[in-house]
Amino acid sequence: LTGFKMFEEDYSDFDLIGFTYYCATLAGGVKELGDENIQETSLQWARKGLASLPQYSIFCDEGWFMTEWNGHSEEIDVVKETYKFQLEFSCWTYPVSAVHCTNYTTDYTHVGNDTLSIRNMKNLDVRCPEKSGLKGWEGQAKPGEEEEYVRIGYTCCSSDIASPTL
């Protein structure tokens, strides 16, 4: 996984919200994967739509690369318009050494204060540079404007020897 970006499509009966995932292939003679580690965040109340994003931080351990992530909600309270949300993600090791990581951020996007604000996530384009893979990401609030603006901070890693990505 080298990045992701949300998309939205309007249909006459419903709106479709999904994610485009940017992926890479193994290169440099790497013929097999190492181990897989599946992790998840705790369920957290998410009453403020995208403004809740800074509650979440999903990063693989040192030397591991993120291969997928997804989110789901539980314990929905329709009356209070609240729900609990959780992220699950998978990490893999690869037979590489000398891993170098760099931190990046998206631009801030306005989030509003409602559950429909998830649509503003389409403004957050997470993309690692060529020949690197995603280690993880977290939501970040704009200092002093925590309820209004968020961005995603993410870490991309590469290797000098038998790089796991193109």
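Within each chain, residue numbers correspond to sequence positions counted from 1 in written order. Totals for whole chains, interfaces and linings use all residues, but because this is a predicted model, local features are given only for residues with pLDDT of at least 70 and pairs of side-chain atoms are given and counted only at 80 or more. Side-chain descriptors were evaluated using all non-hydrogen atoms of the structure, hydrogens and water having been removed beforehand.

Draft legend 1. Spatial organisation of the pattern of salt bridges. Throughout this description, the term salt bridge denotes a Lys or Arg side-chain nitrogen within 4 Å of a carboxyl oxygen of Asp or Glu. Under the criterion given, the structure shown has three salt bridges. Glutamate 62 is paired through a salt bridge with lysine 135; the nearest N and O atoms lie 3.3 Å apart. Of the two residues, glutamate 62 is situated in the loop between strand 5 (57-59) and strand 6 (64-77) and lysine 135 in strand 11 (residues 133-141); the sequence distance between them amounts to 73 residues. The class of glutamate 62 is exposed, set by a relative accessible area of 61%. Between arginine 127 and aspartate 125 there is a salt bridge, with its nearest N and O atoms 3.7 Å apart. Secondary structure follows DSSP: runs of H or I at least 4 residues long count as helices, runs of E at least 2 residues long count as strands, and numbering of each begins at the N terminus. Categorising residues by exposure relies on relative accessible area from a 1.4 Å probe, with only protein chains included: less than 20% of the type maximum marks a residue as buried, more than 50% marks it as exposed, and the intermediate range marks it as partly exposed.

Draft legend 2. Summary view of the side chain of lysine 135. By relative accessible area, lysine 135 is classed as buried at 12%. A polar contact is formed between the side chain of lysine 135 and the side chain of glutamate 62, at a distance of 3.3 Å. For lysine 135, the contacting residues outside a window of four places in its chain are Ile58, Phe59, Cys60, Asp61, Glu62, Trp64, Met66, Cys101, Thr155 and Cys157. A 3.5 Å cut-off defines polar contacts: any pair of N or O atoms within that distance qualifies, except that in protein one atom must be a possible hydrogen donor and the other a possible acceptor, and neighbouring residues in sequence count only when both atoms are side-chain atoms. Contacts are assigned to residue pairs that have any heavy atoms within 4.5 Å of one another.

Draft legend 3. Quick look at unusual backbone geometry. Even without glycine at this site, lysine 131 takes up a positive phi of about 65 degrees. Tracing the backbone through its elements, the reader meets lysine 131 in the loop between strand 10 (126-127) and strand 11. The class for lysine 131 is exposed, based on a relative accessible area of 53%.

Draft legend 4. Structural context of the nonpolar core. In terms of nonpolar packing, the biggest core is built from 25 residues, with Phe4, Met66, Trp69, Leu134, Trp137 and Ile152 touching the most fellow members. Elements with a contribution of two residues or more to this core: strand 1 (3-10), strand 6, strand 7 (82-93), strand 11 and strand 12 (149-161). Per-element accounting of this core gives the leading share, four residues, to strand 12. Apart from residues no more than four positions distant in its own chain, tryptophan 137 is found in contact with Phe4, Leu53, Ser57, Ile58, Phe59, Met66, Trp69, Leu87, Ile152, Gly153 and Tyr154. Note on terminology: a nonpolar core comprises buried Ala, Val, Leu, Ile, Met, Phe, Trp, Tyr and Cys residues joined through side-chain atoms within 4.5 Å.

Draft legend 5. A look at the side chain of glutamine 86. Inspection of the secondary structure assignment puts glutamine 86 in strand 7. If we skip the residues at most four places from it in the chain, glutamine 86 touches Glu40, Thr41, Ser42, Leu43, Asn70, Gly71, His72 and Glu74.

Honestly, that's just the spatial picture; any functional story needs more than this.
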